[in-house]
Amino acid sequence: MLKLKFKNEPYWLELGMGVRVKVKPCTSSVFYEAKAFMNSKVADVAARVKDTRENGIKDNTLPDLEDQTKREAFADQQLILGLALAGIIEWDGILEAETDEKAPLTPTKIEELFTNFWSIAETFRQQYCGIQEILEAEKNVSSPELSGTSAPGVATAKDAASKKSTAPSTDADTSKQP
């Protein structure tokens, strides 16, 4: 069961390596904005790949979108980047390489961070649109059982019928045996 009670205010995510980001709640509008960003990037790269092939140019910097694994990886990367662009409103712990000054929060800097530090991108994805949001939503209805399940379930199978054991009994009188 799920209560329709969500965070309305921005909150901080700790991404590791001293990096934290303040995000808007991951609402449907944020998610679909990110999905539109991903679709646009995939379509743009597909058009560039087609154009380079038609002109006999080999560009090894473009992902091979004909390979399903690489296409899905590229799309996932763009979706996470889209979520970051749509959701991050402030950050801390990001410094310019040349000056050690705080890096400004810009689309280019977000892309630089998420492209070069996959662990930051993956932690962001898990906390922002995955595990954290689901756990927060579940927490407002019930908490996990000691066994680790979300809530006790109803038995769906009947108890097994009792059968007589074919193993020798341990309480038999063995004093008459040779």
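Each remark here, short or long, concerns the structure printed above.
What counts as what
Residues numbered from 1 in each chain as written. Predicted model: local features only at pLDDT ≥ 70, side-chain atom pairs only at ≥ 80, totals over all residues. Heavy atoms only, no water. Helix = DSSP H or I, 4+ residues; strand = E, 2+ residues; numbered from the N terminus. Disulfide = S-S within 2.5 Å. Buried < 20%, exposed > 50% of the residue type's maximum accessible area, 1.4 Å probe, protein only. Phe/Tyr/Trp six-rings, centres within 6.5 Å; stacked < 30°, edge-to-face > 60°. Lys NZ or Arg CZ within 6 Å of the ring centre and 35° of its normal.

Student: So what's going on with unusual backbone geometry? Which residues, and what values?
Tutor: Notably, Met17 is not glycine yet its phi reads approximately 55°, a positive angle. Summarising the element assignment, Met17 is placed in the loop between β1 (11-16) and β2 (19-23).

Student: With reference to specific residues and values, describe the state of the cysteines.
Tutor: A complete count under the given rule lists zero disulfides for this structure. Cys26 takes part in no disulfide bond, and the closest cysteine sulfur, belonging to Cys129, lies 5.5 Å away. We classify Cys129 as partly exposed; its relative accessible area is 29%.

Student: Explain the packing of aromatic side chains to me, and be specific about the residues and the numbers.
Tutor: Across all of its chains, the model carries three aromatic pairs by this definition. Seen in terms of ring centroids, Phe114 and Phe124 are 5.2 Å apart; in terms of plane orientation they differ by 80°. Their pairing is edge-to-face. Taken as a pair, Phe114 in helix α3 (residues 107-116) and Phe124 in helix α4 (residues 118-139) lie far apart in primary sequence, ten residues in all. Neither Phe114 nor Phe124 differs from the other in exposure class; each is buried. In this structure an aromatic cluster arises from ring pairing among Phe114, Phe124 and Tyr128. We note Arg20 situated over the ring of Trp12; from NZ or CZ to the ring centre the distance is 3.8 Å.

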